[in-house]
Amino acid sequence: MLVENFEVQSPNVEYSPEQIVSTYDYLTTNLERAPDGKWVVKPGSTKYQFKTDRRVPKLGVMLVGLGGNNGTTLMGGILANKHGITWMTKDGLKSANFYGSLTQASTVRIGNYEGEEVHVPFKSLLPMVEPTDIVLGGWDISSLNMAEAMERAKVLDWSLQEQLVPYMKDIVPLPGVYDPEFIAANQEERADNVIKGSKSEQVETIRRHIREFKENNGVDKVVILWTANTERYAQVVEGLNDTAENLLAAIQRNEAEVSPSTLYAVAAAEEGVPFVNGSPQNTFVPGLIELAVQKNVLIGGDDFKSGQTKLKSVLVDFLVGAGLKPMSIVSYNHLGNNDGMNLSAPQTFRSKEISKSNVVDDMVASNSLLYAPGEHPDHCVVIKYVPYVADSKRAMDEYTSEIFMGGRNTLVIHNTCEDSLLAAPIILDLVLLAELITRIEMRKDGEPAFHGFHPIAVLLSYLTKAPLVPMGTPVVNALAKQRAMLENILRACVGLPPENNMLLEFKA
């Protein structure tokens, strides 16, 4: 059963027109080691209060790479939903939807009614921005208007594109930062719409763009998201980008090793605007992380988790959790869109290889019954550029595991991923959740005042390949755990317990 909305009636929850305040007992387990070496587990409880602002703002979203495949697909999808567009294909009539979006197309269980499980839309847990109310803009190094860029992308059906052209033809991206040292040389012919000047001048231009976008569109808040080309990794150098002070000084000196994505992130931090990195490069060098923490501005990333890696974060968790021992994981991809062309350069591919390769680490580390210290599965990732397949990426995976009594099990999976149609809903979720997180404050028992979450937005981990976390925080890649973390924290904000699936009421 699906119900659209609900309200929690509990002495631990207070609703007002402006906010929801909940009191929540966070149950934990603490471990100690006795003098005789015995491990002792002690259940514990900490009281938290959560305060969520119910007043949903008018949201502006600025994409870096607005005119790329992801940007045009997201804009086209939002507009098609907003205007109720339908279109014919060889398979029949299609209508706009937000399939693939966690916030818009998934549900959560809130209880049982007369023996039937009751679910609500994910977006009903807390007040969220409606996707069709978003004001979308941003930057691109290509000067094509959004209708032309949509045609170039070759993602959406032609009959849908024809209906979207009137809404998109007059939208032209702002000029973007172009540095050929950080992306593949084959991107040069697209770069006819660039911000000139030194790096410090480029940062000031981006900051001005943010302020003007906010003012011209009358939006209350802005979220910036990088969906442009994958960059090579920037070198982390002492005195250059290791602290906020050194990073800002390096920008003033016009140091070559400060990447375009880091310039955008610096501009966002200086303007107090959340910044999410949807690509695998190390945008968040130590100096940028320090700056975001100093400014208390949300940052999140890295790299959209949409296809092969999302499946891997489910499958390896299943295998290891079932007591099977994956020993070889080989992942092959080929794709023909501009992302694939840019990744054909070794230096940019290396960024993607890193983000894809680390996804199994926490799952392997969780089971030392299977893996000896230092033991790890062989893990190989290959990406090839094949222009003909365009945005329809092919992903082929082979998982070989050791099983009972010396046996082996091999799973071979072929996955055809329409790359941008999977990525666009994830972009939507990232910006909606980033905005929501900025409206939630918390207070642990004994703390004098409410405060926001840590600026590094771990709650976005479900949507990223290489989750960015604060120093000392465990990195969790298992998809089910990431989803549970996000859902249960939002449940706590309305005074609901975590979903434990015990169903004891049916076991007496």
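Preceding this paragraph is the structure being described.
Residues numbered from 1 in each chain as written. Predicted model: local features only at pLDDT ≥ 70, side-chain atom pairs only at ≥ 80, totals over all residues. Heavy atoms only, no water.

### A short note on the packing of aromatic side chains
Note the cut-off: Paired rings are identified among Phe, Tyr and Trp, the last through its six-membered ring, by centres lying within 6.5 Å, and are further divided according to the angle between planes into stacked (under 30 degrees), edge-to-face (over 60) and tilted (the rest). A run of H or I in DSSP counts as a helix once it spans at least four residues, and a run of E counts as a strand once it spans at least two, with each numbered from the N terminus. Think of it in three bands: residues with accessible area under 20% of the maximum for their type are buried, residues over 50% are exposed, and the middle band is partly exposed, with areas taken using a 1.4 Å probe on protein chains only. For a lysine, the NZ atom is tested; for an arginine, the CZ atom; a charge sits over a ring if that atom is within 6 Å of the ring centre and within 35 degrees of the ring normal.
Under the defined criterion, the tally for this structure stands at six aromatic pairs. With centroids separated by 6.3 Å and ring planes inclined at 65°, the aromatic side chains of tyrosine 24 and phenylalanine 50 adopt a geometry described as edge-to-face. Note that tyrosine 24 is positioned in strand 2 (residues 19–33) and phenylalanine 50 in strand 3 (residues 39–53), a separation of 26 residues in sequence. For the pair tyrosine 24 and phenylalanine 50, a shared accessibility class is recorded, and that class is buried. Ring centres of tyrosine 48 and phenylalanine 50 lie 6.3 Å apart, and the angle between their planes is 20°; this geometry places the pair in the stacked category. Here tyrosine 48 falls in the buried class, since its relative accessible area comes to 16%. Its relative accessible area of 6% is what places phenylalanine 50 among the buried residues. Three or more aromatic residues link up through ring pairs in this structure, and these residues are Tyr24, Tyr26, Tyr48 and Phe50. The ring centre of phenylalanine 182 lies 4.1 Å from the NZ or CZ of arginine 232, which sits over that ring.

### Quick look at the packing of helix 3 (residues 146–153) against helix 4 (residues 158–168)
Just so we agree on the cut-off: Under this scheme, a helix contributes an axis fitted over its contacting stretch, all axes are lines through C-alpha atoms, and angles between N-to-C directions fall in the 0 to 180 degree range. The labels follow the angle: roughly parallel below 35 degrees, roughly antiparallel above 145, roughly perpendicular from 65 to 115, and oblique for the rest. Left-handed describes a crossing in which the near helix is turned anticlockwise from the far one by less than a right angle; the clockwise case is right-handed. Two residues form a contact once any of their heavy atoms are found within 4.5 Å. Amino acid classes used here: Ala, Val, Leu, Ile, Met, Phe, Trp, Tyr, Cys and Pro are nonpolar; Asp, Glu, Lys and Arg are charged; the rest, including Gly, are polar.
Packing of helix 3 against helix 4 leaves a shortest axis separation of 8 Å and a crossing angle of 160°. Taken as axis vectors, helix 3 and helix 4 run roughly antiparallel relative to one another. Helix 4 is crossed by helix 3, and the crossing has right-handed handedness. When helix 3 is examined against helix 4, the residues Met146, Ala147, Met150 and Glu151 are found in contact with a partner set consisting of Trp158, Gln161, Leu164, Val165 and Met168. Its residues assigned to classes, the contact of helix 3 with helix 4 comprises seven nonpolar, one polar and one charged.

### A word on the side chain of glutamine 104
Tracing the backbone shows glutamine 104 in helix 2 (residues 102–105). Overall, the relative accessible area of 16% leaves glutamine 104 in the buried class. Here glutamine 104 is in contact with Phe98, Lys123, Pro131, Leu428, Asp429 and Leu432, once residues within four sequence places are set aside.

### A few points about helix 9 (residues 308–321)
Condition: In this scheme, a helix's expected span is set at 1.5 Å multiplied by one less than its residue total.
Taking 1.5 Å per residue, 14 residues should reach 20 Å; helix 9 reaches 20 Å between its end C-alpha atoms and fits that length. Taken residue by residue, helix 9 has Gln308, Thr309, Lys310, Lys312, Ser313, Leu315, Val316, Leu319 and Val320 as its buried positions. Of the residues one or two after helix 9, glycine 323 is the one with positive phi, at around 85°.

### Re the sheet that holds strand 14 (residues 325–335)
Inclusion rule: When DSSP locates at least two bridges between a pair of strands, those strands are taken to pair.
The sheet built from four strands is open, its strands ordered 15-14-16-17 with mixed pairing. Lying at the two open borders of the sheet, with one neighbouring strand each, are strand 15 (378–385) and strand 17 (408–418). Ignoring strand direction, the axes of neighbouring strands in this sheet form an average angle of 10°. Sheet topology places strand 14 next to strand 15; eight bridges connect them, and they run parallel. Across the sheet, the residue bridging to isoleucine 329 is histidine 379, located in strand 15.

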